Amino acid sequence: MTLKSLDLGRTQVHILDDGIFITNAASILGGRSKAKIKGGMHPALVETPDGLTLLDSGFGPELPESLREDYELQRERTLMDRLSDLGHAPQDITHVVLSHLDADHVGWALNGDRFPRARVYVQEDALEEARSLPDHPGRSESVPAVERGIEEGWCELVSGEGEIAPGIRVELRPGHAAGHQISWIGTGRAGETALFTGDLAPSKIFLNPDTISGVDTDPEAARRNRIEVLTEAVDLEAPVILYHEPNDSLVSLSRTDQGFEGTPYEG
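Presented here is an overview of the structure given in this document. In this text, all values refer to a predicted model and were calculated from it rather than measured experimentally.

Thresholds, definitions, all that
Residues numbered from 1 in each chain as written. Predicted model: local features only at pLDDT ≥ 70, side-chain atom pairs only at ≥ 80, totals over all residues. Heavy atoms only, no water. Buried < 20%, exposed > 50% of the residue type's maximum accessible area, 1.4 Å probe, protein only. Helix = DSSP H or I, 4+ residues; strand = E, 2+ residues; numbered from the N terminus. Arc of directions from axis to C-beta. Core = buried A, V, L, I, M, F, W, Y, C linked by side-chain atoms within 4.5 Å. Contact = heavy atoms within 4.5 Å. Pairing = 2+ DSSP bridges. Axes fitted to C-alpha atoms, helices over the stretch in contact; angles between N-to-C directions. Parallel < 35°, antiparallel > 145°, perpendicular 65-115°, else oblique. Left-handed = near helix turned anticlockwise from the far one by under 90°. Nonpolar A, V, L, I, M, F, W, Y, C, P; charged D, E, K, R; others polar. Expected span 1.5 Å × (residues − 1). Lys, Arg positive; Asp, Glu negative; His and termini not counted. Salt bridge = Lys/Arg side-chain N within 4 Å of Asp/Glu carboxyl O. Polar contact = N/O pair within 3.5 Å; in protein donor to acceptor, adjacent residues only side chain to side chain.

### Comments concerning helix H4 (residues 124–131)
Among all positions of H4, only Ala126, Leu127, Glu129 and Ala130 are buried. Taken down its axis, H4 places every buried residue within 165 degrees of arc, on the same side.

### Comments concerning the nonpolar core
Counting 28 residues, the largest nonpolar core has Val13, Leu55, Phe59, Ile185 and Ile241 as the members making the most contacts within it. Looking at this core, the elements with two or more residues in it are strand E1 (4–8), strand E2 (11–15), strand E5 (44–48), strand E12 (168–172) and strand E14 (193–196). In this structure, Phe59 is in contact with Asp18, Phe21, Met41, Pro64, Leu67, Tyr71, Leu73, Ala103, Asp104, Gly107 and Trp108, ignoring residues within four places of it in sequence. Counting 27 residues, the second-largest nonpolar core is a separate cluster that includes Val120, Ala126, Ala145 and Val146.

### Thoughts on the sheet that holds strand E4 (residues 36–40)
With antiparallel pairing, three strands are arranged side by side in an open sheet as E4-E3-E7. Of all strands in the sheet, those bounded by a partner on one side alone are E4 and strand E7 (71–74). The sheet shows a mean angle of 25 degrees between the axes of neighbouring strands, direction not considered. Where strand E3 (residues 20–24) meets E7, four bridges bridge the pair, whose relative direction is antiparallel. Residue Ile22 lies in a different strand from E7, and its bridge partner there is Glu72.

### Thoughts on the packing of H4 against helix H5 (residues 143–152)
As a packed pair, H4 and H5 sit with axes 10 Å apart at the nearest point and diverge in direction by 135 degrees. Judged on the interaxial angle alone, H5 and H4 are oblique. Crossing angle aside, the handedness with which H4 passes H5 is left-handed. Listed contacts from H5 to Leu127, Ala130 and Arg131 of H4 are Val143, Val146, Glu147 and Ile150. In terms of residue class, the contact of H4 with H5 is built from five nonpolar, no polar and two charged.

### Quick look at helix H6 (residues 219–235)
Quick reminder: α-helices carry 3.6 residues per turn. Residues three or four places apart thus point the same way. Here H6 spans 24 Å end to end across 17 residues, near enough to the 24 Å set by a 1.5 Å rise per residue. Residues of H6 that are buried: Ala221, Ala222, Asn225, Arg226, Val229, Leu230, Ala233 and Val234. Lining the buried residues of H6 we find E12, strand E13 (181–186), E14, strand E15 (240–241), strand E16 (250–256) and strand E17 (259–264). At the C-terminal side of H6, Glu237 shows a positive phi close to 55 degrees.

### Some points on the sheet that holds strand E10 (residues 155–158)
On the basis of which strands lie adjacent, the open sheet formed by seven strands has the order E1-E2-E5-E6-E8-E9-E10 and mixed pairing. Taken across any chain shown, the strands that pair with only one partner, and hence form the sheet edges, are E1 and E10. Across this sheet, the average inter-strand angle for adjacent strands is 20 degrees, counted without regard to direction.

### Topic: the side chain of Asp216
Turning to its location among the elements, Asp216 is positioned in the loop between E14 and H6. Put simply, Asp216 is tucked away with no salt bridge, and the nearest opposite charge, on Arg226, sits 4.0 Å away. Reaching out from Asp216, the side chain makes a polar contact with the side chain of His176 at a distance of 3.0 Å. Sequence-distant contacts of Asp216, defined by excluding residues within four places in its chain, comprise Gly175, His176, Ala222 and Arg226.

Right, here's the structure in full:
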């Protein structure tokens, strides 16, 4: 897969790739469908004069054991390979922002000391929710690593909105998970901003606000936040990174009668 990049003046954004997962549609959309569904994993690398920030981090070196019955992971190259393609080593990463604590977003960041110089940012509400869900495959398994990171000083809890680094502002937008955060990249001005939605709007089907994931913890909050965030992205002419869209992971948004439409970003 060809890497895609955005130039936002003093900020460059590179859309990375950590493979494709295959699972039952019911695992994502709810219901009882036995059809299979594919999803990509597209972390973003934000390059500024102040450092390198990674937004989410795929499954890591392998699928967690708790998900192997329901998920298949296909990839020839990993996130680490993609970083190398850009001329970067893991120790070059200075910040990691985790949208939430699902296994397919935190793998490389929480599996060993992969990014030895980086500080990892997690919303406090995300950690509290994960602690309260001991049977949630993947999410609760992130808790020990986050708690260790807090104790050792490489993980920092965030509460609400804030600037993680110059040019990267997180915003609390729950619904898919408590403590789910999105990232606005760039200046915040029209034509100079991009949006990383995490799992608030992870693929094109969720650009219709009425499409609700079967694993959203608060579907109404997810719908409301999706409408508000995507409306702001349209107003800012901000390209959107769709984390789970297999192919067109970087799109330009427009409004439609059904909500929003994403077309491949042309730059």
